[in-house]
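Listed below are the residues making up each chain.
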Amino acid sequence: MVLAGAAAAQTPQLTRVGEGEAGIELDGFVDEAVWERIPVVDGMRVIDPDTLAEAPFETHIRMFYTERGIYVSAVNFQPPGTLVARMTSRDTRLDRDGFVVGLDTSGEGLYGYFLRMNLGDSMTDATLLPERQMNMQWDGSWSGATQALEDGWSIEYFIPWSMVALPQAGERRQIGFYFERQVGHLGGEAWSNPALPRTVNQYLSAFEKYELSDIEPRRQLTFYPFASSIHDNIKGETEYKTGSEIFWRPTTNSLLSATLNPDFGNVESDDVIVNLTAFEIFFPEKRTFFLEGQDVFNATARAGANIMRGPSGPLTLLNTRRIGGAPHFGDIPSGVEVVPTDLSDPTDLLGAVKFTGSAGNWQYGTLFATEDDTTIEGRLADGTPIGIQATGRDFGVGRLLWEDTSGGGRRSIGWMGTNIAHPEVDATVNAIDWGYFSADNRWVVDGQLMYSDAHGVTGAGMFNDVSFRPRRGVNHSLRATLLDDELEINDLGFSQRNDSANLDYSYFHIESDIPGLRDRTTAIFFTNQWNTDGRPVRLGAFFNRSYTFAESNDTARFSLRWFPPRIDDRLGRGSGDFAIPDRYGFNASYESDVAKPLSWSVGVSLEQDELGPARNSMDAGVSWRPIDRFSFDLMVNYEDREALLVHRGGGRYTSFEAHQWSPRVETSYFISARQQFRLTLQWTGLKAFEDRFWTVNPDATEFLHDVAKPNDTPDDFVISRMTFQARYRWEIAPLSDLFVVYIRGGNLPRRSFLSFQDMLEQSWNTPVVDTLAVKLRYRFGS
């Protein structure tokens with residue numbers, strides 16, 4: 001199933017040009033004399049939809065390299081009046097005219113880079129691991145520019161050697177290249193060379209290999225000094241901070257990075273999510289230091305940045321959001337009141353250092369970080385202030401990986417270990433992971449064995465995932481998991497639960513040969529998850545179908561769900577398990593072509609809560625882009641629940657009639673491709689009115705027992721959480737930015753029973769967060 005074609009008898013040579021001779025002005029016009037000397041590459045095939053037909057328009061690609069890096073240009077021919085340019089924030093996925101350069105700098109399909117430039121100069125980039133694991137949070141120091149032409153558009157790239165990892169090699173080395181083009185007016189249709197649709201397993205290892213010689217990039221040293229100022233309008237305090245991040249490549253295949261007096265104040269906001277379950281919500285990393293050179297620590301596909309995680313979330317030994325997270329205060333003394341946001345504020349880091357690299361078939365990495373001690377102010381009942389301290393934690397991570405690609409395919413085995421040191425926390429986790437990718441590209445195997453020693457208790461667990469693709473467009477996956485009830489990786493990693501034994505199956509089928517359709521996707525899932533006592537905790541059968549129409553490029557989706565009877569062993573926090581009846585669900589949605597200036601979507605979900613009554617929701621969205629520089633996006637979700645179940649403690653439960661509104665508004669204006677002003681407002685308002693009262697039988701696994709109201713105090717509550725951000729960003733140079741960010745957040749008391757409109761207004765008028773931050777970071781170095 002290798003679609004890229006058999007290897008040529010002789011690997012083609014990539015042209016080398018002296019830097020002074022190149023004379024490239026990176027403006028998007030492919031008009032420098034040097035381009036005339038470079039042979040043209042085309043051969044694009046349609047990969048989305050997956051027809052592998054010849055592309056209807058020509059694409060003239062050229063590339064060469066110098067002692068500083070790689071230059072790539074492309075002239076993308078298409079009819080006049082068909083260009084679709086959309087300026088967006090970095091890494092925003094949107095159908096429009098765009099061009100991708102993929103690089104396999106290992107030359108063996110072990111690691112690489114995904115670099116996309118869209119017409120209008122908006123950028124998307126990611127690091128790559130076999131075969132399609134993309135870390136979209138990574139940002140590289142490459143640059144590029146685009147230009148609209150009478151008969152299409154053109155683009156120029158510069159990719160510095162200082163940005164990429166290269167294995168140690170002699171006089172000659174190989175690098176894989178991949179080119180992809182998205183055509184907005186054709187509904188985001190995608191073409192590529194080599195032709196690698198998502199319906200095949202092979203991707204990174206199938207990039208077209210080119211031979212390069214005499215690459216000896218000098219040792220790279222890069223500084224990212226920063227200065228920031230944050231004014232807290234509630235406390236009336238201003239904090240100033242300076243520091244630096246340092247990145248040094250002592251060799252082409254190693255990277256030492258350190259951060260001194262780091263400022264990890266986010267200029268991005270997490271989504272506003274109301275979580276009334278017993279399971280933690282995962283939030284992705286957004287801090288630059290922890291994203292650079294991080295791929296070696298993604299030990300398995302389940303830990304990858306873009307994994308389809310499903311209901312169980314990622315499973316990883318390293319969740320860097322734990323580092324510099326909320327301080328470990330322990331129990332707050334009785335009689336002392338503290339501001340809740342002080343308890344959850346991030347911890348300052350004294351510093352962190354990371355070293356990653358490779359040698360032959362081996363890759364390695366280490367990470368160390370130290371938190372500062374934290375002091376917050378509490379108050380006694382009479383108003384007397386009292387200091388409450390939390391000792392900072394020390395973190396350590398190690399990683400070693402062996403990979404082999406000789407004879408085709410890929411085989412790997414690795415070790416990873418983590419440790420946290422703290423007066424009240426001593427947690428160590430070790431794991432062995434393995435991977436297999438067959439030479440015929442049909443079979444993929446990925447697994448890990450874990451052992452934890454945390455808080456004086458040891459535990460173990462493992463998982464193994466097998467994927468089989470018998471033909472293009474069809475995939476079968478089997479995921480097996482066994483985690484005992486003493487395994488604890490969440491001090492530094494992430495797992496939604498331990499005490500689980502799972503065997504899940506999924507089937508995907510993508511068809512691109514149906515008249516009137518661009519493609520039809522069918523997905524069937526069977527979820528079979530039990531705890532280690534042999535009781536089912538999550539069972540389900542799901543049938544999903546989506547249709548993308550050829551004429552309009554609109555998409556219609558629906559899903560049928562069945563959940564057999566199971567038990568809940570988490571919501572009661574140890575007070576007793578209870579039975580859940582079988583339930584059914586259905587959802588449907590329709591989305592218009594997002595490449596058009598005005599697009600919209602609607603959706604409905606009809607489900608049942610754990611006790612059986614209805615849980616219904618509707619959502620609608622509109623996106624308006626009248627010009628390339630401006631966008632307005634609105635998404636609104638409404639949910640109605642007849643039996644929202646909340647544990648009240650001691651095995652007592654209350655079911656509520658609940659109503660929830662969750663709007664999100666974002667508008668952006670680009671002064672230029674490198675200067676953006678963005679406004680974002682997210683709000684979730686929930687009203688819950690007590691309905692019935694329940695208790696659990698701790699001695700038997702039964703349905704909850706209906707009981708009388710235990711007291712006269714109403715359990716009714718509201719949740720109103722709001723986050724507003726106004727952000728100006730100026731990308732002065734690659735990875736050099738000026739941010740001016742205003743953040744306002746509200747969280748009303750649970751008894752604030754108002755209309756939904758008044759709840760939103762009160763959340764705005766009584767903020768718990770009100771800050772203005774200015775941050776400048778500039779990149780110095782080669």
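Above this text is the structure in question.
Trainee: Just checking my understanding: could you explain unusual backbone geometry for this structure?
Mentor: Peptide bonds are, in most cases, trans, and in most cases residues other than glycine have a negative phi. Here the amide bond leading from P130 into E131 is cis, since omega sits at -20 degrees, within 30 degrees of zero. For the bond running from N193 to P194, omega is -5 degrees, close enough to zero to count as cis. Here P194 is to be found in the loop between β12 (189-193) and β13 (208-213). For L735, which is not glycine, the phi torsion reads 60 degrees and is therefore positive. Looking at where L735 falls in the secondary structure, it is placed in the loop between β40 (717-733) and β41 (736-747). Under the relative-accessibility criterion, L735 is labelled buried at 9%.

Trainee: Explain the pairing of strand β17 (residues 349-359) to me, please; I cannot follow it from the model alone.
Mentor: For a regular strand, side chains alternate in direction, first toward one face of the sheet and then toward the other. Strand direction decides the pairing type here: strand β16 (residues 254-260) and β17, joined by seven bridges, are antiparallel. By the bridge assignment, A258 is partnered in β17 with V353. Where β17 meets strand β18 (residues 362-371), 10 bridges bridge the pair, whose relative direction is antiparallel. By the bridge assignment, L349 is partnered in β18 with E371.

Trainee: Explanation requested: the pairing of strand β25 (residues 457-471) in the structure shown.
Mentor: Note that strand β24 (residues 443-454) and β25 share 12 bridges and pair antiparallel. Of the residues in β25, the one forming a bridge with M450 is G461. Hairpin connection from β24 to β25: two residues lie between these consecutive antiparallel strands, with H455 at a positive phi of about 60 degrees. Judged from the nine bridges that link them, β25 and strand β26 (residues 474-483) form a sheet pairing that is antiparallel. Looking at the pairing, F463 lines up with T481 of β26. Connecting β25 to the antiparallel partner β26 that follows it, the hairpin turn spans two residues, and G473 within it adopts a positive phi of roughly 95 degrees.

Basis of the calculations
- Residues numbered from 1 in each chain as written.
- Predicted model: local features only at pLDDT ≥ 70, side-chain atom pairs only at ≥ 80, totals over all residues.
- Heavy atoms only, no water.
- Helix = DSSP H or I, 4+ residues; strand = E, 2+ residues; numbered from the N terminus.
- Buried < 20%, exposed > 50% of the residue type's maximum accessible area, 1.4 Å probe, protein only.
- Pairing = 2+ DSSP bridges.

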